[in-house]
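# Topology and contacts: notes
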Amino acid sequence: HVAVLRDGDVARHLAAAPDPGIDFETAARVTGWIEYDGPTQTLSVWASEGDVRPARPLLSYAVALDEVVGGQAYLGLSAGTGEHPAVHEVLELD
């Protein structure tokens, strides 16, 4: 699944995407995009099995990041499969 969390609280999703139509267990490679638009204070997330960003995000969440994180922030990405072995790698970060 794809979701937005705060302070690592996995029990409370601030926003969660509907089924993205991607089988994260069997997909050879999934590309993700995370974008924050400061003027509209919108955090958006896209995912695709290819290198082309879909026209519509999987989720968009209204948040004033400056009020949440102050003057400095760290980005955390996580992935898990429960009991199934898998490799999750960030191959590029712009």
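Bear in mind that the values here come from a model prediction, so they are computed numbers and not experimental data. (Residues numbered from 1 in each chain as written. Predicted model: local features only at pLDDT ≥ 70, side-chain atom pairs only at ≥ 80, totals over all residues. Heavy atoms only, no water.)

### Considerations on the environment of Ala-17
- Within the element layout of this structure, Ala-17 appears in the loop between β2 (15-16) and β3 (31-37).
- For the pair Ala-17 and Glu-49, spaced 32 residues apart in sequence, the C-alpha to C-alpha distance is 16 Å.
- When near neighbours in sequence (up to four residues on either side) are disregarded, Ala-17 contacts Val-2, Leu-58 and Leu-59. (Helix = DSSP H or I, 4+ residues; strand = E, 2+ residues; numbered from the N terminus. Contact = heavy atoms within 4.5 Å.)

### Some remarks on the sheet that holds β3
- A sheet is described by the order of its strands in space; here 3 strands give the open sequence β3-β4-β5, paired in antiparallel fashion. In this open sheet, the two edge strands, each paired with only one partner strand, are β3 and β5 (59-62). The average undirected angle you get between the axes of adjacent strands in this sheet is 15°.
- Both strand β4 (residues 42-48) and β5 contribute to a ladder of 4 bridges, which runs antiparallel. Paired with Ser-44 across the strands is Ser-60, a residue of β5. (Pairing = 2+ DSSP bridges. Axes fitted to C-alpha atoms, helices over the stretch in contact; angles between N-to-C directions.)

### Description of a nonpolar patch on the surface
- There is a patch of nonpolar side chains on the surface, built from Ile-34, Leu-75, Leu-77, Val-90 and Leu-93 and spanning about 540 Å² of accessible area.
- Looking at where Ile-34 falls in the secondary structure, it is placed in strand β3. (Patch = residues over 30% accessible without salt bridge, like charges linked within 9 Å, V, L, I, M, F, W, Y side chains within 5 Å. Areas by Shrake-Rupley, 256 points an atom, 1.4 Å probe, with all protein chains shown as cover. Salt bridge = Lys/Arg side-chain N within 4 Å of Asp/Glu carboxyl O.)

### Comments concerning the pattern of salt bridges
- Within this structure, the stated rule accounts for 2 salt bridges.
- Asp-7 is the partner of Arg-6 in a salt bridge, and the nearest nitrogen-oxygen pair spans 3.7 Å.
- On the accessibility criterion, Asp-7 (74% relative accessible area) is exposed.
- Note that Arg-53 is salt-bridged to Glu-35, the shortest N-O span being 3.1 Å. (Buried < 20%, exposed > 50% of the residue type's maximum accessible area, 1.4 Å probe, protein only.)

Limitation: the analysis is restricted to geometry and does not speak to function.
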